[in-house]
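Each chain is listed here by its residues.
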Amino acid sequence: MATAPIGDDVYGEDPTINELEALASAKVGKEAGLFVASGTMGNLAAIFSHAGRGDQAIVGKDAHTFRAEAGGMSALGGVVPMPLETDFEGRMNLQEIESAIIKDDPHHAQTQLILLENSFAKKNGAPLSKAYFIDIRQIADRHGLNVHLDGARLFNATTALGIEPTELTRHVDSVTFCLSKGLCAPVGSVLCGSKPFIHQARRARKILGGGMRQAGILAAAGIIALTEMIERLPEDHAKARQLADGLSQISGIKVDLDSVRTNFVFFDLADEVMMSTTEIRNALQQEANILIDESGFRQFRAVTHYWVGMEDVQNLLSVLRYLSSKGWSS
Ligand SMILES: *Cc1c(COP(=O)(O)O)cnc(C)c1O
């Protein structure tokens, strides 16, 4: 990062950013890429480029773009979300999508866009299949809609599915993925799509205040993320598997082993456990300096990554085993 060649990216003159954008777009089989400050910024720039004020975007009701981006699509872009239920792995029902599409009725916001997410964070980080992407593409083509993929953890999904990223991304018009998170860069995401689309998204990024000038120092870490960190994702998935297997043997903890397919492990407290999630969280912090997030009623979410070693997994398991052996009494 310290030695990265830099220039002014607002003029397209940062060689390190240009290299990153070329690498990223090649990785997902698109013509062009755009380095952005965050996944949220990439998704927003995409939504604004696909849909205008008063247009409708069909989206899973627990998708990040709907529930975790501060309502940005509406607040800044005037885009109206049409949130639909999702199943256990984050798929919207195809029939419900068809019924939600409105094209030429003056009463309604006109549907312009379908938003996908893969892996699907709120549903155990599930990897959505190629078959689902093909189905969505067919619906979109039938109705003249665009499809954007929030692929914050796209490579976790394709690693779990054992397929090339292009096998999914060829069915969408645009895709965002994070260089941070599991790919280890400190900052940044890339939005990819056709050349005319990225030309428009560059303007949207500017509107969002995301023209970052000499940001090649950040893109340098993004290049390592793409060239070295994707291939090691199976390690994170193996650690998640180890954690889930260990948790399944602790009395008082419920974990659905089949749902653990990427780097996420959701686990619940059984009814007989008298401690609250907050008491357990505090105990983990005090006993072992482990920070863990409560992700729902009596539920925790653990995410494995480069900086969480197998010994950390064992550490978490042994504190939980200890609490269980004491009958979960605080
Ligand atoms: C993290 C994440 C994003 C992007 O979030 P930022 O914090 O803005 O980078 C988008 N979608 C999903 C599913 C995510 O997990």
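Definitions and cut-offs
- Residues numbered from 1 in each chain as written.
- Predicted model: local features only at pLDDT ≥ 70, side-chain atom pairs only at ≥ 80, totals over all residues.
- Heavy atoms only, no water.
- Domains from an automatic or database assignment.
- Contact = heavy atoms within 4.5 Å.
- Buried area = accessible area lost by both parts, 1.4 Å probe.
- Salt bridge = Lys/Arg side-chain N within 4 Å of Asp/Glu carboxyl O.
- Polar contact = N/O pair within 3.5 Å; in protein donor to acceptor, adjacent residues only side chain to side chain.
- Helix = DSSP H or I, 4+ residues; strand = E, 2+ residues; numbered from the N terminus.
- Nonpolar A, V, L, I, M, F, W, Y, C, P; charged D, E, K, R; others polar.

**Student:** Whenever I open this one, the domain arrangement of the protein confuses me. Can you help?
**Tutor:** One frequently used descriptor of interface size is the decrease in accessible area upon assembly of the parts. Segmenting the protein into domains produces domain 1 (9-229) and domain 2 (233-324). Counting residues at the interface gives 17 residues for domain 1 and 13 residues for domain 2. Here domain 1 meets domain 2 over a buried area of about 1400 Å², counting both sides, of which 59% is carbon and sulfur. Interface area lost by domain 1 to domain 2 is led by Asn124, Asn156 and Cys184, which between them contribute 37%. Remark: the boundary between domain 1 and domain 2 carries 1 salt bridge. Between Arg261 and Glu89 there is a salt bridge whose closest N-O contact spans 3.3 Å. The interface formed by domain 1 and domain 2 includes 3 residue pairs in polar contact (both at pLDDT 80 or more). With 5 residues, helix H7 (residues 154-161) is the single largest residue contributor to the side of domain 1 that touches domain 2. Split by residue class, the side of domain 1 that touches domain 2 holds 8 nonpolar, 6 polar and 3 charged.

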